[in-house]
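Given next are the chains, with one letter for each unit.
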Amino acid sequence: MVSQLALELGGNIAVLGYGLAAIGPGVGVGLIFAAVINGTARQPEAQNKLQSIAWIGFGVTEVLAIIGIALAFVFRQP
């Protein structure tokens, strides 16, 4: 029989794992938009193209966070 402490610890580890998994997409989004700002400052006429590419990159990066929270629910202890 699994003790209550083990069940609580398992749930907390899943939340901690998601918190750590959310760091990557957070850093990725920051790097994407920092590159857009830098590129726009260097070449203002390319702003529209850079911005559309940035939004695509933002969406792809945020999918990682969504997958992370989904896996936190999938792998949690019953």
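Residues numbered from 1 in each chain as written. Predicted model: local features only at pLDDT ≥ 70, side-chain atom pairs only at ≥ 80, totals over all residues. Heavy atoms only, no water.

- The name given to the protein in an unreviewed UniProt entry is ATP synthase subunit c, with Kribbella yunnanensis as the source organism.
- We quote the UniProt Sequence similarities (unreviewed entry) comment for the protein here in full: "Belongs to the ATPase C chain family." (UniProt positions renumbered as here; feature names shortened; annotations may be inferred.)

**Digging into the overall build of the protein**
Right, so step 1: Regarding its fold elements, the protein presents three helices and zero strands.
Right, so step 2: The order of α-helices and β-strands along the protein, N terminus first, is α-α-α.
Right, so step 3: Within the protein, the proportion of its 78 residues that are buried is 15%.
Right, so step 4: Approximately 5900 Å² of the protein is accessible, and the part contributed by carbon and sulfur atoms is 72%. (Helix = DSSP H or I, 4+ residues; strand = E, 2+ residues; numbered from the N terminus. Buried < 20%, exposed > 50% of the residue type's maximum accessible area, 1.4 Å probe, protein only. Areas by Shrake-Rupley, 256 points an atom, 1.4 Å probe, with all protein chains shown as cover.)

**Here we look at the UniProt feature "transmembrane region" (unreviewed entry) in the protein**
Right, so step 1: The positions UniProt marks with the feature "transmembrane region" (unreviewed entry) are residues 15–41 and 53–75.
Right, so step 2: What you have in residues 15–41 is 96% helix and 0% strand, and the ends, taken at the C-alpha atoms, are 39 Å apart.
Right, so step 3: Taken end to end, residues 53–75 is 96% helix and 0% strand, and its first and last C-alpha atoms sit 34 Å apart.

**As for the confidence of the model for the protein**
Right, so step 1: Put simply, the protein has an average pLDDT of 83, and 79% of its residues get 70 or more.
Right, so step 2: Of all secondary-structure elements in the protein, the lowest mean pLDDT belongs to helix 1 (residues 4–21), at 68, while helix 2 (residues 23–42) reaches the highest, 93. (pLDDT = per-residue confidence, 0-100.)

**Digging into the packing of aromatic side chains**
Right, so step 1: Evaluation of the coordinates by the stated rule reveals three aromatic pairs.
Right, so step 2: When the centroid spacing of 5.6 Å and the interplanar angle of 85 degrees are considered together, the rings of W55 and F58 count as edge-to-face. Placement of the pair is W55 and F58 together in helix 3 (residues 47–74), with a separation of three residues, close to one helical turn.
Right, so step 3: Using a relative accessible area of 27% as the deciding quantity, one classes F58 as partly exposed.
Right, so step 4: An aromatic cluster is defined as three or more aromatic residues linked by ring pairs; in this entry it consists of F33, W55 and F58. (Phe/Tyr/Trp six-rings, centres within 6.5 Å; stacked < 30°, edge-to-face > 60°.)

**Some details on the packing of helix 2 against helix 3**
Right, so step 1: Where helix 2 meets helix 3, the axes come as close as 9 Å, and the angle between the chain directions of the two elements is 175 degrees. Classified by the interaxial angle, the pair formed by helix 2 and helix 3 is roughly antiparallel. Only Q47, L50, A54, W55, G57, F58, T61, E62, L64 and A65 of helix 3 make contact with helix 2, whose side of the interface consists of P25, G28, V29, I32, F33, V36, G39 and T40.
Right, so step 2: Grouping the amino acids of the contact of helix 2 with helix 3 by side-chain chemistry returns 11 nonpolar, six polar and one charged. (Axes fitted to C-alpha atoms, helices over the stretch in contact; angles between N-to-C directions. Parallel < 35°, antiparallel > 145°, perpendicular 65-115°, else oblique. Contact = heavy atoms within 4.5 Å. Nonpolar A, V, L, I, M, F, W, Y, C, P; charged D, E, K, R; others polar.)

**Quick notes on the environment of Q47**
Right, so step 1: Note on placement: Q47 falls in helix 3.
Right, so step 2: Along the sequence, Q47 and V36 sit 11 residues apart, while their C-alpha atoms lie 7.9 Å from each other.

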